[in-house]
Amino acid sequence: MTSNTNKLFAGEEYHDHFNPIQYLALKEKYWEEDRQFNELLYNFVEKGYIKGGRLLELGGGPCINRLIPLLKISTEIVFAEYTESSRIEVQKWLDKDESSYDWSRHFKHMANLQDNGDNWEDLEQEMREKMKDVVFGDVLQENPMSPKSFGEFDTIMTASVLESACSDQKSYQSCVNMLASLLKPGDRKSVV
């Protein structure tokens, strides 16, 4: 894997050039933005704007922090990501590998929002228990987790993925249709 921090990569280039360790180090500089985004998600959950159940994270990179505010309403989580290196980083965290990224600051912040600051490790354990699988995911495919299939979801988290993966309006619309097909039928489902 080479270091190319000033170049944007698309598609297959990610497999060769995306470095999750560099990305996570860079992400540290954006703690305030992450904190604000998670507070926004937390408030959406508290107000009932996002419903619970089965959650798909599609294209989360090496990051789990956006899922923390959704733990309260999630019964299970499937984490689908395009790059193998990012999937490895998430799996290392799941396995409590000492070399994995330290997400404790994010869990502590959410525990404090929930007036449960002393029990942030319980949130971390809850995430590990609810995350059922870390798999390949490609938003440009009709079945993005092929050859696996996980059925329908109540909520799909996909932040800045379609904008990065889609080269034109037609492919963007195709991805939106694919995401809609992964949602359970019902009155209110969420794509975040």
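As a reminder, the structure under discussion sits directly above these lines.
This one's a predicted model, so the numbers in the text were calculated from it and none came from an experiment.

S.K.: Teacher, can you tell me more about the side chain of Ser 100 here?
M.R.: Positionally, Ser 100 belongs in the loop between α4 (84-94) and α5 (104-113). At 2.8 Å, the side chain of Ser 100 and the backbone oxygen of Asp 97 are in polar contact. Sequence-distant contacts of Ser 100, that is, excluding residues within four places in its chain, are made with Lys 92 and Trp 93.

S.K.: What's the story with the pattern of salt bridges in this structure? I'm lost.
M.R.: Summed over the entire model, instances satisfying the criterion amount to twelve salt bridges. For Glu 39, the salt bridge goes to Arg 35, with nearest N and O atoms at 2.4 Å. In this pair, Glu 39 and Arg 35 both sit in helix α3 (residues 31-46), four residues apart, roughly one turn of the helix. Lys 184 is the salt-bridge partner of Asp 154, the closest N and O atoms lying 3.3 Å from each other. Linking Asp 154 in the loop between β3 (131-136) and β4 (155-157) with Lys 184 in the loop between α8 (169-182) and β5 (190-191), this pair joins segments that are 30 residues apart in sequence. Under the relative-accessibility criterion, Asp 154 is labelled buried at 8%. Since its relative accessible area comes to 29%, Lys 184 is described here as partly exposed.

S.K.: Can you help me understand the side chain of Thr 158 in this one?
M.R.: Tracing the sequence through the fold places Thr 158 in the loop between β4 and α7 (161-165). Of the residues examined, Thr 158 reaches a relative accessible area of 11% and is grouped as buried. Reaching out from Thr 158, the side chain makes a polar contact with the backbone oxygen of Leu 58 at a distance of 3.2 Å.

S.K.: What should I look at first to understand the environment of Arg 54 in this one?
M.R.: When you line up the elements, Arg 54 lands in strand β1 (residues 53-58). With 76 residues separating them in the primary sequence, Arg 54 and Lys 130 have C-alpha atoms 9.5 Å apart. When near neighbours in sequence (up to four residues on either side) are disregarded, Arg 54 contacts Thr 75, Glu 76, Val 78, Phe 150, Gly 151, Glu 152, Phe 153, Asp 154, Thr 155 and Lys 184. In this structure the side chain of Arg 54 is engaged in a polar contact, spanning 2.8 Å, whose partner is the backbone oxygen of Phe 150. A distance of 2.5 Å separates a polar atom in the side chain of Arg 54 from the backbone oxygen of Glu 152.

S.K.: Explain the environment of Asp 16 here, please?
M.R.: Within the secondary structure, Asp 16 sits in helix α1 (residues 13-17). For the pair formed by Asp 16 and Thr 83, sequence separation is 67 residues and the distance between their alpha carbons is 9.0 Å.

S.K.: Teacher, can you tell me more about unusual backbone geometry here?
M.R.: Of all residues except glycine, most have a negative phi; of all peptide bonds, most are trans. At the junction of Ser 146 and Pro 147, the peptide bond is cis and its omega measures out at 10° in the coordinates. Considering the arrangement of structural elements, one finds Pro 147 in the loop between β3 and β4. Unlike most non-glycine residues, Asp 115 shows phi in positive territory, near 55°. Relative to the helices and strands, Asp 115 resides in the loop between α5 and α6 (120-130). On the basis of relative accessible area, Asp 115 is assigned to the exposed category, the value being 73%.

S.K.: For this particular structure, what's the right way to read the packing of α3 against α5?
M.R.: Across the interface, α3 lies against α5 with an axial gap of 11 Å and an inter-helix angle of 40°. Here α5 runs oblique to α3, going by the angle between their axes. Crossing of α3 against α5: the hand is right-handed. For the pair α3 and α5, the contacting residues are Trp 31, Asp 34, Arg 35, Asn 38, Glu 39 and Tyr 42 in the first and Arg 105, His 106, His 109, Met 110 and Leu 113 in the second. Split by residue class, the contact of α3 with α5 holds four nonpolar, three polar and four charged.

So, how was this worked out
- Residues numbered from 1 in each chain as written.
- Predicted model: local features only at pLDDT ≥ 70, side-chain atom pairs only at ≥ 80, totals over all residues.
- Heavy atoms only, no water.
- Helix = DSSP H or I, 4+ residues; strand = E, 2+ residues; numbered from the N terminus.
- Polar contact = N/O pair within 3.5 Å; in protein donor to acceptor, adjacent residues only side chain to side chain.
- Contact = heavy atoms within 4.5 Å.
- Salt bridge = Lys/Arg side-chain N within 4 Å of Asp/Glu carboxyl O.
- Buried < 20%, exposed > 50% of the residue type's maximum accessible area, 1.4 Å probe, protein only.
- Axes fitted to C-alpha atoms, helices over the stretch in contact; angles between N-to-C directions.
- Parallel < 35°, antiparallel > 145°, perpendicular 65-115°, else oblique.
- Left-handed = near helix turned anticlockwise from the far one by under 90°.
- Nonpolar A, V, L, I, M, F, W, Y, C, P; charged D, E, K, R; others polar.

Just distances and angles here, no functional claims.
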